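Close look at the chain arrangement
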Amino acid sequence: MSKVSQEVGERIKQIEREIISQEAAARGEPDGRLRISKGLNAPRYYAVQRRGQEIGVYIKKDELTKAKELAQKDYRGKVLRSLKQEKKLLENLAAFYFGSAGSKAEGKAHGGSVGRGSLSEDFFYGPEELIRGNLIKERRDLTTPIVQDEEDFVSEWMAKEYERKPFREGAPEYYSTACR
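To start, this report covers the structure provided alongside it.

Cut-offs used in this document
- Residues numbered from 1 in each chain as written.
- Predicted model: local features only at pLDDT ≥ 70, side-chain atom pairs only at ≥ 80, totals over all residues.
- Heavy atoms only, no water.
- Helix = DSSP H or I, 4+ residues; strand = E, 2+ residues; numbered from the N terminus.
- Buried < 20%, exposed > 50% of the residue type's maximum accessible area, 1.4 Å probe, protein only.
- Areas by Shrake-Rupley, 256 points an atom, 1.4 Å probe, with all protein chains shown as cover.
- Pairing = 2+ DSSP bridges.
- Expected span 1.5 Å × (residues − 1).
- Patch = residues over 30% accessible without salt bridge, like charges linked within 9 Å, V, L, I, M, F, W, Y side chains within 5 Å.
- Salt bridge = Lys/Arg side-chain N within 4 Å of Asp/Glu carboxyl O.
- Lys, Arg positive; Asp, Glu negative; His and termini not counted.
- Charge placed at Lys NZ, Arg CZ, Asp CG, Glu CD.
- Phe/Tyr/Trp six-rings, centres within 6.5 Å; stacked < 30°, edge-to-face > 60°.
- Lys NZ or Arg CZ within 6 Å of the ring centre and 35° of its normal.
- Contact = heavy atoms within 4.5 Å.

This part takes up the overall build of the protein chain. Secondary structure summary: the protein chain contains five helices and three strands in total. In the protein chain, the succession of α and β elements from N to C terminus is α-β-β-β-α-α-α-α. Counting across all 180 residues of the protein chain, residues that qualify as buried make up 27%. Accessible area of the protein chain: about 13700 Å², with a carbon and sulfur share of 51%.

Structure follows, in structure tokens:
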């Protein structure tokens, strides 16, 4: 089994786990959808219950959690559709090049070698980040990211304290002229 076919299979399994997790989280979501209109000082939120209805019921400031739940529901739905689409694409890729995602068949079209790219989870930036990034600011502020975006990751990484490697007791010390 080639490394690429193994990584494609692992990404499919990762997507399946995420789909199950997000579908479980979606079970308690409220009905309807969120409509946002721009007011003079702040955005106005409306809960729209029926298809075709555009007005909706105004959500007061003290009921902002309902607006957050509806925004999260919309965001989660987009992420789920995206994950299912990605899974289908990867399954088609695996079936075409490797026989199937989990099979031991090597890549048929390229004699067992399909490029050098890596699909490892550390470097995979799927559409989940793009979905939240494309939401309007008022809606994005109401949602909790399912996948940490790059800006949050970088700021969190930069905030961590650097742990220096300790030196052994009595180890020789070397100094350059720049350190003196």
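The sheet contact formed by strand S1 (residues 33–38) and strand S2 (residues 43–48) spans six bridges and is antiparallel. Among the inter-strand pairings, Ile-36 is bridged to a residue of S2, identified as Tyr-45.

Right, let's talk about helix H2 (residues 64–98) for a bit. The first and last C-alpha atoms of H2 sit 49 Å apart over 35 residues, in line with the 51 Å expected at 1.5 Å per residue. Within two residues after H2, Gly-99 carries a phi angle of roughly 95 degrees, on the positive side.

Next up on the list: a negative patch on the surface. Among the surface-exposed residues, Glu-150, Glu-151, Asp-152 and Glu-156 lie close enough to one another that they form a single negatively charged patch. The topology assignment puts Glu-156 in helix H5 (residues 150–159).

In the structure shown here, the tally under the stated rule is ten salt bridges. Residues Lys-38 and Glu-138 are paired through a salt bridge, measuring 3.7 Å at the closest nitrogen-oxygen approach. Taken together, the positions of Lys-38 in strand S1 and Glu-138 in helix H4 (residues 137–142) put the pair 100 residues apart, joining distant regions of the chain. For Lys-38, a relative accessible area of 67% puts it in the exposed group. A salt bridge links Lys-137 to Asp-141, with the nearest nitrogen and oxygen atoms 2.7 Å apart. Placement of both Lys-137 and Asp-141 in helix H4 is noted, with a separation of four residues, approximately one turn of the helix. The exposed category is assigned to Lys-137, whose relative accessible area is 51%.

What follows concerns a nonpolar patch on the surface. Where nonpolar side chains cluster on the molecular surface, the patch consists of Phe-153, Val-154, Trp-157 and Met-158 and spans about 480 Å² of accessible area. Here Trp-157 is to be found in helix H5. Classification of Trp-157 by relative accessible area gives exposed; the value is 54%.

With that out of the way, let us pick up the packing of aromatic side chains. All chains considered together, the criterion is met by two aromatic pairs. With 5.7 Å between their ring centres and 65 degrees between their planes, Tyr-46 and Tyr-58 make a pair best called edge-to-face. Taken together, the residues Tyr-46 in strand S2 and Tyr-58 in strand S3 (residues 57–59) connect sequence positions twelve residues apart. Assessed through its relative accessible area of 14%, Tyr-46 is described here as buried. For Tyr-58, a relative accessible area of 42% translates into the label partly exposed. Between Phe-96 and Tyr-97 the ring centres are 4.8 Å apart and the planes differ by 90 degrees, which places this aromatic pair in the edge-to-face class. For Phe-96, a relative accessible area of 56% translates into the label exposed. Residue placement shows Arg-35 over the ring face of Tyr-46; its charged tip is 4.3 Å from the ring centre.

This paragraph deals with the environment of Glu-138. Residue class for Glu-138 comes out buried when judged on its relative accessible area of 17%. The spacing of Glu-138 and Ser-37 is 101 residues in sequence and 9.4 Å in space, taken between C-alpha atoms. Sequence-distant contacts of Glu-138, defined by excluding residues within four places in its chain, comprise Ile-36, Lys-38, Pro-43 and Tyr-45.

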